[in-house]
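Remarks on the overall topology
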Amino acid sequence: DIQMTQSPASLSASLGETVSIECLASEDISNYLVWYQQKPGKSPQLLIYAANRLQDGVPSRFSGSGSGTQYSLKISGMQPEDEGDYFCLQGSKFPYTFGAGTTLELK
Amino acid sequence: QVQLQQSGVELAKPGSSVKISCKASGYTFTRFAIHWIKQTTGQALEWTGYIAPGNGGTKYNEKFKGKATLTVDKSSSTAYMQLSSLTPVDTAVYYCARGGNLDYWGQGVMVTVSS
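Here we summarise the structure given alongside this text. (Residues numbered from 1 in each chain as written. Chains lettered and ligands numbered in written order. Predicted model: local features only at pLDDT ≥ 70, side-chain atom pairs only at ≥ 80, totals over all residues. Heavy atoms only, no water.)

Some points on the layout of surface pockets
Its boundaries defined by the atoms lining it, the largest pocket holds a volume of some 520 Å³. Lining the largest pocket are 27 residues, with Pro44, Gln45 and Leu46 of chain A together with Asp103 and Tyr104 of chain B sitting closest to its centre. Mapped by element, the contributors of at least two residues to the lining of the largest pocket are strand 5 (45-49) of chain A together with strand 1 (3-6) of chain B. Tallied by class, the residues present in the lining of the largest pocket amount to ten nonpolar, ten polar and seven charged. Its boundaries defined by the atoms lining it, the second largest pocket holds a volume of some 170 Å³. Along the wall of the second largest pocket there are 13 residues; nearest its centre are Thr97 of chain A together with Leu45, Glu46, Trp47 and Asn61 of chain B. For the lining of the second largest pocket, the secondary-structure elements that each account for two or more residues are strand 10 (97-98) of chain A together with strand 5 (45-52) of chain B. Looking at the lining of the second largest pocket element by element, the count peaks at three residues for strand 5 of chain B. (1 Å grid on protein atoms, 1.4 Å probe; cavity = no way out; pocket = protein on both sides within 12 Å on 5 of 7 lines; lining within 4 Å. Points joined across faces, edges and corners; volume = space filled by probe spheres on them. Helix = DSSP H or I, 4+ residues; strand = E, 2+ residues; numbered from the N terminus. Nonpolar A, V, L, I, M, F, W, Y, C, P; charged D, E, K, R; others polar.)

Here is the structure:
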């Protein structure tokens, strides 16, 4: 199975700060990388697909980048509503696998 | 709008089975796969498998073979996941999600296995 190593496990950011979350795949996943945000008690919401494509309706402060085995999610200007958990998912090979998640809090 | 409406909370005894549902609306059901994902306390997400509603084809995570069985009813645009031989380890929230990017998710079903 492809292992997805996500970092950091948690971070705290000030209003307006730019934050980055990383996912490292154990092998090349050819940009089959999706990012989700999850709020407490809610289901995950798709932010970015194909590593860098913004899902319709997602604020433009969210962006994705990367290739091969290394991928990142950037939030350019932290907002209060961005608090939550963030996960990456690789859809390159079965079984699909998720990163362990990052908890983002407003400082 | 696309919606995946899942069935309600399940409380089950060890050794029993549960069958949870995921009713799709707002799109052509047979055009997109339905994936199932397990989320345990502490956030960890595991992909269980998927089913292609058009032809009933399935792909399972080896870890869940023998545990999960995926089916669909095209007439009602509903996907099902049956979990068998339940143990406390199966206690989790189970989500259904649509398509290759898992772009829309159901609200989740809390399955609790306890004697």
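After that view, the rundown keeps rolling.
A short note on the interface of chain A and chain B
The partner chain B presents 18 residues to the 19 residues of chain A that form the contact. Summing both sides of the interface, chain A and chain B together bury roughly 1500 Å²; the carbon and sulfur share of this comes to 62%. Contact with chain B buries area across many residues of chain A, yet Phe94, Tyr96 and Phe98 of chain A alone supply 35% of it, more than any other trio. Where chain A touches chain B, the interface holds six residue pairs in polar contact (both at pLDDT 80 or more). If you list the elements that add at least two residues to the side of chain A that touches chain B, you get strand 4 (33-38), strand 5 and strand 9 (84-90) of chain A. The residue makeup of the side of chain A that touches chain B, split by class, is twelve nonpolar, five polar and two charged. (Contact = heavy atoms within 4.5 Å. Buried area = accessible area lost by both parts, 1.4 Å probe. Polar contact = N/O pair within 3.5 Å; in protein donor to acceptor, adjacent residues only side chain to side chain.)

Overview of the sheet that holds strand 7 (residues 68-73) of chain B
All names here are of chain B. What the four strands build is an open sheet, ordered 1-3-8-7; its pairing is antiparallel. Both outer strands of the open sheet, strand 1 and strand 7, are each paired with one neighbouring strand and no more. The sheet shows a mean angle of 20° between the axes of neighbouring strands, taken without regard to direction. Relative to strand 8 (residues 78-83), strand 3 (residues 18-25) is paired through six bridges, and the arrangement is antiparallel. (Pairing = 2+ DSSP bridges. Axes fitted to C-alpha atoms, helices over the stretch in contact; angles between N-to-C directions.)

Re the nonpolar core
Among the nonpolar cores identified, the biggest contains 26 residues, and Ile34, Trp36 and Met81 of chain B are the most heavily contacted of them. Of all elements in the fold, only strand 3, strand 4 (34-39), strand 7, strand 8, strand 9 (92-98) and strand 10 (109-113) of chain B reach the threshold of two or more residues within this core. Ranked by residue count, the leading element in this core is strand 3 of chain B, at four residues. Core analysis: the next-biggest nonpolar cluster, separate from the first, contains 23 residues, Ala13, Leu47, Ile48 and Tyr71 of chain A among them. (Core = buried A, V, L, I, M, F, W, Y, C linked by side-chain atoms within 4.5 Å. Buried < 20%, exposed > 50% of the residue type's maximum accessible area, 1.4 Å probe, protein only.)

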